[in-house]
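# Structure assessment
Listed below, chain by chain, are the residues.
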Amino acid sequence: MSGVRGFYYDGRSSNRLSVMLERIGTELRVAGDGMTVSWPVAKVRVSQPVAGVRRTLRFPNGGMCELVDEGTVESLLGKGSDRFLARLLDRWERSITLALLALLLTGAAVAGFIRYGVPAIARHVAHAVKPAAEEQLGSETLALFDRYYLKPSTLPQARQEELAALMARMRTTFADGRSYRLEFRSSQAIGANAFALPGGTIVITDAMVALAMNDDELAAVLAHEAGHVRNRHALRHLLQSTGSGLVIAAVTGDITSITSLAAALPAALINAGYSREFEDEADDAAGDYPLRAGLARRRYADILGRLEAEHDKRGGGKENSEILLDLFASHPETAERIKRVLAPR
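Computed from a predicted model, the values in this text were never measured in an experiment.

Turning our attention to the overall build of the protein. Helix and strand counts for the protein come out as 13 helices and eleven strands. Burial statistics for the protein: of 345 residues in total, 44% are counted as buried. Intrachain contacts of the protein at a sequence separation of at least 6 include 61% that bridge at least 24 residues. Here the protein displays about 17,500 Å² of accessible surface, and carbon together with sulfur accounts for 55% of that area.

Mapped onto the elements of the fold, Glu-225 is located in helix 7 (residues 215-230). Residue Glu-225 is classed as buried on the basis of its relative accessible area of 0%. Each C-alpha atom, one on Glu-225 and one on Leu-197, is 8.9 Å from the other, the two residues being 28 residues apart in sequence.

Let us look at the pairing of strand 1 (residues 4-9). Taken across its six residues, strand 1 has five buried, putting it largely inside the fold. Relative to strand 2 (residues 17-24), strand 1 runs antiparallel, the two being bridged by five bridges. Each residue of the ladder has a partner; that of Arg-5, found in strand 2, is Met-20. Direction of pairing for strand 1 relative to strand 7 (residues 64-67): antiparallel, over a ladder of four bridges.

Here the focus is the packing of aromatic side chains. By the definition in use, this model includes seven aromatic pairs. Ring plane angle 5° and centroid distance 4.4 Å describe the contact between Trp-39 and Phe-59, whose orientation is recorded as stacked. Of the two residues, Trp-39 sits in strand 4 (residues 35-40) while Phe-59 sits in the loop between strand 6 (56-58) and strand 7, which places them 20 residues apart along the sequence. Of the residues examined, Trp-39 reaches a relative accessible area of 10% and is grouped as buried.

Moving on: the sheet that holds strand 8 (residues 151-152). Strand order across the open sheet formed by four strands is 8-9-11-10, with mixed pairing between neighbours. Across the chains shown, the open sheet's two edge strands, defined by having one partner strand only, are strand 8 and strand 10 (194-197). In this structure, strand 8 lies alongside strand 9 (residues 181-186), joined through two bridges in antiparallel fashion. Residue pairing in the sheet places Pro-152 in a bridge with Arg-185 of strand 9. Running at roughly 145° to strand 9, helix 5 (residues 157-174) makes contact with strand 9 and strand 11 (201-205) of the sheet. Sheet strands in contact with helix 7 are strand 9, strand 10 and strand 11, and its direction is about 30° off that of strand 10.

Turning to the packing of helix 7 against helix 12 (residues 298-313), a few remarks are in order. Two elements in contact, helix 7 and helix 12, have axes whose closest approach is 8 Å; the angle formed by their N-to-C orientations is 90°. The orientation of helix 7 with respect to helix 12, classified from their angle, is roughly perpendicular. Residues Asp-216, Glu-217, Ala-220, Val-221 and His-224 of helix 7 touch helix 12, and the partners they reach there are Arg-299, Tyr-300, Asp-302, Ile-303 and Arg-306. Grouping the amino acids of the contact of helix 7 with helix 12 by side-chain chemistry returns four nonpolar, one polar and five charged.

This next bit is on the packing of helix 7 against helix 11 (residues 276-293). Orientation of helix 7 relative to helix 11, taken along the N-to-C sense of each, is 135°, at an axis distance of 7 Å. Here helix 7 is positioned oblique relative to helix 11, judged by the angle of their axes. Both helix 7 and helix 11 take part in a crossing whose hand is right-handed. When helix 7 is examined against helix 11, the residues Ala-219, Ala-220, Ala-223, His-224, Gly-227, His-228 and Arg-230 are found in contact with a partner set consisting of Phe-278, Glu-279, Ala-282, Asp-283, Ala-285, Ala-286 and Tyr-289.

Calculation rules
Residues numbered from 1 in each chain as written. Predicted model: local features only at pLDDT ≥ 70, side-chain atom pairs only at ≥ 80, totals over all residues. Heavy atoms only, no water. Helix = DSSP H or I, 4+ residues; strand = E, 2+ residues; numbered from the N terminus. Buried < 20%, exposed > 50% of the residue type's maximum accessible area, 1.4 Å probe, protein only. Contact = heavy atoms within 4.5 Å. Areas by Shrake-Rupley, 256 points an atom, 1.4 Å probe, with all protein chains shown as cover. Pairing = 2+ DSSP bridges. Phe/Tyr/Trp six-rings, centres within 6.5 Å; stacked < 30°, edge-to-face > 60°. Axes fitted to C-alpha atoms, helices over the stretch in contact; angles between N-to-C directions. Parallel < 35°, antiparallel > 145°, perpendicular 65-115°, else oblique. Nonpolar A, V, L, I, M, F, W, Y, C, P; charged D, E, K, R; others polar. Left-handed = near helix turned anticlockwise from the far one by under 90°.

Printed below as a string of structure tokens:
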């Protein structure tokens with residue numbers, strides 16, 4: 001066969017020799033400028049094809065050779081020396097159309113990971129966090145809320161004890177093995193609302209208690225928040241919002257990292273609220289509880305409607321600086337939620 005032109009480097013100096021390469025049986029011979037060497041073809045390594053870059057052959061002695069014509073690799077080393085995947089990638093790199101397609105596929109993969117992969121990872125991690133670490137996270141978060149957004153409750157102690165007893169009775173209906181702690185606070189900024197924190201802490205405002213027509217409505221609200229606790233929505237929402245670093249921190253249960261999570265949770269809940277999926281799950285819990293407790297599901301629908309009217313009366317919307325926590329943070333339309341709650345089950 002005819003030889004293939006190339007440039008040989010011995011691996012010990014920068015000298016470049018013009019050589020001819022030739023396949024003789026199972027040997028590859030390199031000859032030029034007074035030197036002739038040969039190696040078994042099986043011991044010669046060939047570089048992957050890259051558009052605009054010459055192919056190189058590397059030899060057992062540390063030397064290498066650049067091929068002037070990169071299309072001659074198979075003639076020197078035999079069929080199969082260019083793997084199918086390498087040839088496919090080379091073709092892809094040389095085509096603008098295929099390169100754009102690769103860009104679109106990469107974007108779709110990233111979007112798919114954010115849409116489906118991150119929530120799945122957050123769900124797994126949230127349920128793997130030890131209860132003690134989750135409870136500490138809830139306590140740290142409540143302390144931050146108390147510092148900036150909440151004030152002590154003005155409800156009479158007897159009324160607080162009544163509602164705490166209601167929460168205790170509800171736990172037997174939930175039968176989920178979780179502990180729940182009901183906290184009472186007042187807040188002009190938050191208004192009538194309730195929200196759940198990691199570890200089983202549920203905060204209810206004085207305005208929410210005043211808005212309810214009866215304890216059955218408050219029980220439905222507490223069932224909604226218990227649904228958030230049961231599914232670890234606060235922790236999952238935080239992990240999805242703050243990235244992989246906090247995912248790792250939550251897995252390790254490191255005290256410093258848990259404090260970092262607590263510092264981020266209030267902002268995550270206030271600025272973004274829960275996803276539609278999380279709210280649907282919590283609303284389902286609020287709708288299912290009356291069925292198990294022998295109450296009318298209409299109770300939760302009633303207080304949702306009254307909450308919307310109260311929200312509208314206060315001006316509505318974040319432009320009026322009202323903090324929109326759980327029951328009105330990024331929720332679907334109230335009418336749609338009420339329809340879902342009252343739907344046959």
